[in-house]
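What follows is each chain in one-letter form.
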Amino acid sequence: MAFEAEALSPLQARALELNARLRDAHPSEILRAAIDEYRHDGKLALVSSFGAESAVLLHMLSQIRKDIPVLFLDTGQLFGQTLDYRKSLATQLGLTDVRDLRPSFADLATQDPNADLYKTDTDACCNIRKVLPLDRAIEGFGAWITGRKRFHGGDRLRLAVVEKSEGKVKFNPLANWNKADLDAYAEQHDLPPHPLVAMGYPSVGCWPCTSPVEDGQDVRAGRWAGSDKTECGIHVERARAPVEVGGDI
Ligand code: SF4
């Protein structure tokens, strides 16, 4: 039987082409390429959790352009230290367009009025506090940048530097970098660490779902510890999502 290759959409073809060109590039070069391709008409955003490793990518961005929109998911369940860090780091780096994304009042009122949905249904909680706010905010953009890395394991082991997702191009400039690369960059540029790192949190999300880890454990072992959940859902194709709608970014 003759094999018929599935036709690629123009967006898939573009993502594959960019990935082939950039897959071994330095993260700064990947960022420059993303900005050159998509910054026009405000079509590019970077999504950051202002978490344990976020300063590296945000610093790289600030060295190229400070006015690219940075989307920050303020879930209403973050550590106070993260909210403080988001303010101080954005100021230090001179980022001029950090946008705080919050859950809708209607979703909170109807689905999580007591702010304890995480106790019974973490997928539904992530859905209203992360997935839907980001979906609404990202709608007008053609491409976005994430801070995901392969060394975090799980689904991220197969992470491409450039991919197509949900009708947009997604750049993952740090996909190839490991912990030593990140630490060396942070030291070289004297970047302030997230205050919880020194308290045993190598990955920082919402306070109810983040625990400190022991030496030698995986970076994300403290995220939804004791459950099968490893991702919040914002990086899951909706067709494959475990719930209809709904980590560390
Ligand atoms: S990480 Fe936990 S608290 Fe935060 S949105 Fe997801 S389930 Fe809710």
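The shown structure was predicted, so the numbers you read here are calculated from the model rather than taken from an experiment. (Residues numbered from 1 in each chain as written. Predicted model: local features only at pLDDT ≥ 70, side-chain atom pairs only at ≥ 80, totals over all residues. Heavy atoms only, no water.)

## Digging into the site of the ligand
Here is step 1: The ligand sits among Gln77, Tyr118, Thr122, Cys125, Cys126, Arg129, Lys130, Cys206, Cys209 and Trp224.
Here is step 2: Of the residues belonging to the shell around the ligand, the class tally is six nonpolar, two polar and two charged. (Near = heavy atom within 4 Å. Nonpolar A, V, L, I, M, F, W, Y, C, P; charged D, E, K, R; others polar.)

## Topic: the sheet that holds strand 2 (residues 70-73)
Here is step 1: Read from one edge to the other, the open sheet built from six strands follows the order 3-2-1-4-6-5, with strand pairing classed as mixed. Bordering the open sheet on either side are strand 3 (98-101) and strand 5 (162-165), each of which pairs with just one other strand. Each strand axis lies, on average, 30° off the axis of its neighbour in the sheet, ignoring direction.
Here is step 2: Strand direction decides the pairing type here: strand 1 (residues 44-48) and strand 4 (residues 143-145), joined by three bridges, are parallel. In the strand pairing of strand 4, Ala45 is matched with Trp144. (Pairing = 2+ DSSP bridges. Helix = DSSP H or I, 4+ residues; strand = E, 2+ residues; numbered from the N terminus. Axes fitted to C-alpha atoms, helices over the stretch in contact; angles between N-to-C directions.)

## Some points on the confidence of the model for the chain
Here is step 1: For the chain, per-residue confidence averages 89 on the pLDDT scale, and 92% of positions sit at 70 or higher.
Here is step 2: Here residues 239-248 scores under 50 on pLDDT; set against residues more than four positions off or in separate chains, the count is 25 contacts. (pLDDT = per-residue confidence, 0-100. Contact = heavy atoms within 4.5 Å.)

## Considerations on the pattern of salt bridges
Here is step 1: By the definition in use, this model includes 15 salt bridges.
Here is step 2: Note that Lys149 and Glu53 form a salt bridge whose closest N and O atoms lie 2.8 Å from each other. With Lys149 in the loop between strand 4 and strand 5 and Glu53 in the loop between strand 1 and helix 3 (54-64), the pair connects residues that are 96 residues apart, well separated along the chain. You'll find Lys149 and Glu53 in the same group, each marked buried.
Here is step 3: Where Arg148 meets Glu163, a salt bridge forms, and the shortest distance between an N and an O atom there is 2.4 Å. Residue Arg148 is found in the loop between strand 4 and strand 5, and its partner Glu163 is found in strand 5; the two are separated by 15 residues along the sequence. (Salt bridge = Lys/Arg side-chain N within 4 Å of Asp/Glu carboxyl O. Buried < 20%, exposed > 50% of the residue type's maximum accessible area, 1.4 Å probe, protein only.)

## Description of helix 6 (residues 122-138)
Here is step 1: Its 17 residues place the ends of helix 6 22 Å apart at the C-alpha level, agreeing with the 24 Å of an ideal helix rising 1.5 Å per residue.
Here is step 2: At Ile128, helix 6 shows its maximal bend, which comes to roughly 40°.
Here is step 3: Counted residue by residue, helix 6 has twelve buried out of 17 residues, so it is predominantly covered.
Here is step 4: Within helix 6, burial applies to Ala124, Cys125, Cys126, Asn127, Ile128, Arg129, Lys130, Val131, Leu132, Pro133, Leu134 and Ile138. (Expected span 1.5 Å × (residues − 1). Bend = angle between axes of the 7 residues up to and from the residue.)

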